[in-house]
Amino acid sequence: MIGELVERWHRGWIAADGLTSEHRDGHLVVHVNRPHRVFEWIATDDAETAALAAVVAASAEPNWLSVPTHSPEKVIAELEAAGLVVARPDETFMRRDLAGHPAPEPPAGYVVEVTGDAVIGVRVLADGEVAASGLMAVVGEDAVAHRIETAETHRRRGLGSVVMGALITEALARGAVTGLLFASTDGVHLYRRLGWEKISDLVVAQNAVSP
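Residues numbered from 1 in each chain as written. Predicted model: local features only at pLDDT ≥ 70, side-chain atom pairs only at ≥ 80, totals over all residues. Heavy atoms only, no water.

A. Structural context of the packing of aromatic side chains. A full pass over the atoms with the stated rule returns 4 aromatic pairs. Aromatic pair F93 and F182: ring centres 4.8 Å apart, planes at 85°, arrangement edge-to-face. Here F93 is found in strand β5 (residues 85-97), whereas its partner F182 is found in strand β10 (residues 178-183), with 89 residues between them in sequence. On the basis of relative accessibility, which here comes to 0%, the residue F93 falls in the buried class. A relative accessible area of 19% places F182 in the buried class. An aromatic cluster is present here, built from W9, W13, F93 and F182 joined pairwise through their rings. Sitting over the face of the ring of F39, R24 holds its NZ or CZ atom 4.7 Å from the ring centroid. Across from the ring centre of W64, 4.2 Å away, lies the NZ or CZ of R37, which sits over that ring. (Phe/Tyr/Trp six-rings, centres within 6.5 Å; stacked < 30°, edge-to-face > 60°. Helix = DSSP H or I, 4+ residues; strand = E, 2+ residues; numbered from the N terminus. Buried < 20%, exposed > 50% of the residue type's maximum accessible area, 1.4 Å probe, protein only. Lys NZ or Arg CZ within 6 Å of the ring centre and 35° of its normal.)

Set out below in structure tokens:
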């Protein structure tokens, strides 16, 4: 079940970021093509962890490995045994049925700007300054949230909820039914308040190759 959801999530991520992907020896690989992360390998079954970790550890370029799992301690041990550096040990893979998702209005002094079609962009502006923003890619009936960010000087004002609500309102209008996202340690609290549920833990590691 996790593997299918991971595949669906990744299709939204690459659409949102304008990336491509492939299955290499049966494993899912995203072409990130950035100096610090050339490829990101994504496990669709945590039983793949040791084999994938060995491949990523042996690669000549900076590569990452993301492993959704119900056994994060076991996965971390396998990653470290292969020589990888665990960069994000406690992220979360989440989902939500989009119907009925909260969509709060922005606080006084803020306005919401929406752009895009299959990839929706939302910015919350204060006097022309971007206070919060996010992307959501709609692929079939799935909507995948990406880069949900609030500027430090505008935090604790509910802007993350405003961004998510605006994105999902637009995604529903485009036929989306299910939301998927990978949440950071900080972001997971926001999504739980908005009714998102945990699918699994997520462990992210990288090899020791410098850009």
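B. Region of the structure containing the pattern of salt bridges. This model, assessed by the stated rule, comprises 12 salt bridges. Residue E78 is joined to K74 by a salt bridge in which the shortest nitrogen-to-oxygen separation is 3.2 Å. Taken together, the residues E78 and K74, both in helix α3 (residues 72-81) and 4 residues apart, mark about one turn of the helix. Of the charged contacts in the structure, one is a salt bridge between K198 and D201, with a shortest N-O distance of 2.9 Å. Among the residues examined, K198 registers a relative accessible area of 45% and is labelled partly exposed. Taken together, the shared-partner salt bridges in this structure form one network comprising E4, R8 and D142. (Salt bridge = Lys/Arg side-chain N within 4 Å of Asp/Glu carboxyl O.)

C. Representation of the side chain of E48 in the model. Along the chain, the position of E48 falls in the loop between β3 (37-42) and α2 (49-58). Of the buried charged residues, E48 lacks a salt bridge, with K74 as the closest side chain of opposite charge at 12 Å. A polar contact is formed between the side chain of E48 and the side chain of H27, at a distance of 2.9 Å. Among all residues touching E48, those that are not within four sequence positions of it are G26, H27 and A43. (Lys, Arg positive; Asp, Glu negative; His and termini not counted. Polar contact = N/O pair within 3.5 Å; in protein donor to acceptor, adjacent residues only side chain to side chain. Contact = heavy atoms within 4.5 Å.)

D. Geometry of the sheet that holds strand β2 (residues 27-34). Pairing is mixed in the open sheet, where 11 strands are placed in the order β1-β2-β3-β4-β11-β5-β10-β9-β8-β7-β6. The sheet is open, and its two edges are formed by β1 (20-24) and β6 (111-116), each paired on a single side. Neighbouring strand axes in the sheet, compared pairwise and without regard to direction, differ in orientation by 25° on average. Where β1 meets β2, 5 bridges bridge the pair, whose relative direction is antiparallel. Note that in β2 the partner of R24 across the bridge is H27. Packing against the sheet, α2 makes contact with β2, β3 and β4 (63-69), and its axis sits at approximately 170° to β4. Lying on the sheet, α3 is in contact with β4, β5 and β11 (197-206); it crosses β11 at an angle near 15°. (Pairing = 2+ DSSP bridges. Axes fitted to C-alpha atoms, helices over the stretch in contact; angles between N-to-C directions.)

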